[in-house]
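Structural features, examined
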Amino acid sequence: MVLVIHYVLLVVCAVAIYLSCEWFVNAVEWLGRRLDVGRMAVGTILAAFGTALPESVVTLVAVTTGASEKQKNIGVGAALGGPLALSTIAYGVTGAMLLLKRHREVKAVRERTGAAPAPVPDPARRQVLGAERDTRRLAKDQEWFLPIFVVKVTLGLVAFAVKHYLGLLFFAAYAVYFSREIRSSRAGGDKHEELEPLRFQRKAASPATRAVVAQTVATLLVIFLASQLFVKQLDAVGPMLGLSSAVTALLLSPVATELPEVMNAIIWVRQDKTKLALANISGAMMIQATVPSGLGLLFTPWKFDAALLWSGVVTVVAIVYLLTTMRAHRLTAGRLTVAAAFYVVFAVGLVLILV
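Note that the structure is predicted; figures quoted are calculated from it, not measured.

Concerning unusual backbone geometry
Positive phi values are uncommon outside glycine, yet Asp272 reaches one of about 65°. When you line up the elements, Asp272 lands in the loop between α8 (259-270) and α9 (274-299). The class of Asp272 is exposed, set by a relative accessible area of 54%. Even without glycine at this site, His329 takes up a positive phi of about 55°. Looking at where His329 falls in the secondary structure, it is placed in the loop between α10 (306-327) and α11 (333-354). By relative accessible area, His329 is classed as buried at 19%.

Next comes the structure, spelled out in structure tokens:
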């Protein structure tokens, strides 16, 4: 009976996160227009900052108020698990949604005409992002992320006197990335398209700024609370299913904490806004690579065990795979879906390490 209650709460939380994300993406697009930032920056900066902020707060609380080394290591694990889940699960789900969307479109044409649709010239049929400019821009985010992530993993293997202070460099790295994204978005003519009415003011052609801010804050609060409750249910269900607390913390919890980014990607793909979906993931990865890492370096010894090192290695391999396809302008829905396989590899390796 207790297990059933936990499962019900998991479903309720997932539904709450999805519905809240629908309202959040609606609000954040209007917020981007109010702040006069380009559409890509809406994904890489505004949406990513909003969905990653609650997780960063959790990391801050864990590393600053943790009574024991084990409690502080929860924050360190979150700093590694977040980028892993985003670079594998989030990108993989986005690719799967694109494939599903394509399948439904083909089926709809077949039902309407009674025949298979005319083939779409390659690469337009298979390309996730039609414009090479967009693929290059997405690749730049991975090029920023990769060296920063490699440095943070390397620092987890060494110890020296001024190591703590290097946390400040991670904050500085995100500040530079933030500035670059805003400038690039405005200079590139990345303008907004027609937006759906704000949910808080459905009849207003141009909603009040206070309504936009209120909807953004309210939805983030619901996302934060639902995500935390979701994580707690996983922590309770894991041992009931025979999983150790370490496996639950490193394997399931990161997926739960990155659920808002995954939901945002699903919603934006459904709305034919694939660029925003991918930008949200890459932007969230940059935040996860810098802010939680900076906090961890400042307030913990930042020492990695075999499990944390394995998560770092798998993340690097996944990013190298994605970056290679992006640079070659060969990023398709199918190749994006393959990214999820790296999480399966991580899961298998983690079990072998912890057994």
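That shown, we press on.
Some words on the confidence of the model for the protein chain
Looking at the protein chain as a whole, the pLDDT averages 84, with 89% of positions reaching at least 70. Here helix α7 (residues 245-257) is the element of the protein chain with the lowest mean pLDDT, 75, and α10 is the one with the highest, 93. Predicted confidence for residues 120-125 stays below pLDDT 50, and this span has three contacts to residues more than four positions away or in other chains.

Points about the pattern of salt bridges
If you walk through the whole model with that rule in mind, you get eight salt bridges. Across the salt bridge formed by Lys101 and Glu105, the nearest N and O atoms sit 2.9 Å from each other. Here Lys101 and its partner Glu105 are both found in helix α3 (residues 69-113), four residues apart, which amounts to about one turn of the helix. Assessed through its relative accessible area of 22%, Lys101 is described here as partly exposed. The exposure class of Glu105 is partly exposed, given its relative accessible area of 37%. Put simply, Glu143 and Arg327 hold a salt bridge, and the shortest N to O gap is 3.1 Å.

Comments concerning the side chain of Thr290
Take Thr290: it is sitting in helix α9. Taking relative accessible area as the criterion, Thr290 reaches 0% and is therefore assigned buried. Setting aside anything within four residues of it in sequence, one finds Thr290 in contact with Ile148, Phe170, Phe171, Ala173 and Tyr174.

Rules used throughout
- Counting from 1, residues in each chain are numbered in the order their sequence is written.
- Totals for whole chains, interfaces and linings use all residues, but because this is a predicted model, local features are given only for residues with pLDDT of at least 70 and pairs of side-chain atoms are given and counted only at 80 or more.
- Only hydrogens and water are set aside when side-chain values are computed; all heavy atoms of the structure are taken into account.
- Every helix listed is a DSSP run of H or I at least four residues long, and every strand listed is a run of E at least two residues long, numbered separately from the N terminus.
- In this scheme, a residue with accessible area under 20% of its type's maximum is buried, one over 50% is exposed, and one in between is partly exposed, where area comes from a 1.4 Å probe on protein chains only.
- Within a predicted model, pLDDT stands for the predictor's per-residue confidence, ranging from 0 to 100.
- Residue contacts are counted whenever heavy atoms from the two residues lie within 4.5 Å of one another.
- We count a salt bridge whenever a side-chain nitrogen from Lys or Arg sits within 4 Å of a carboxyl oxygen from Asp or Glu.

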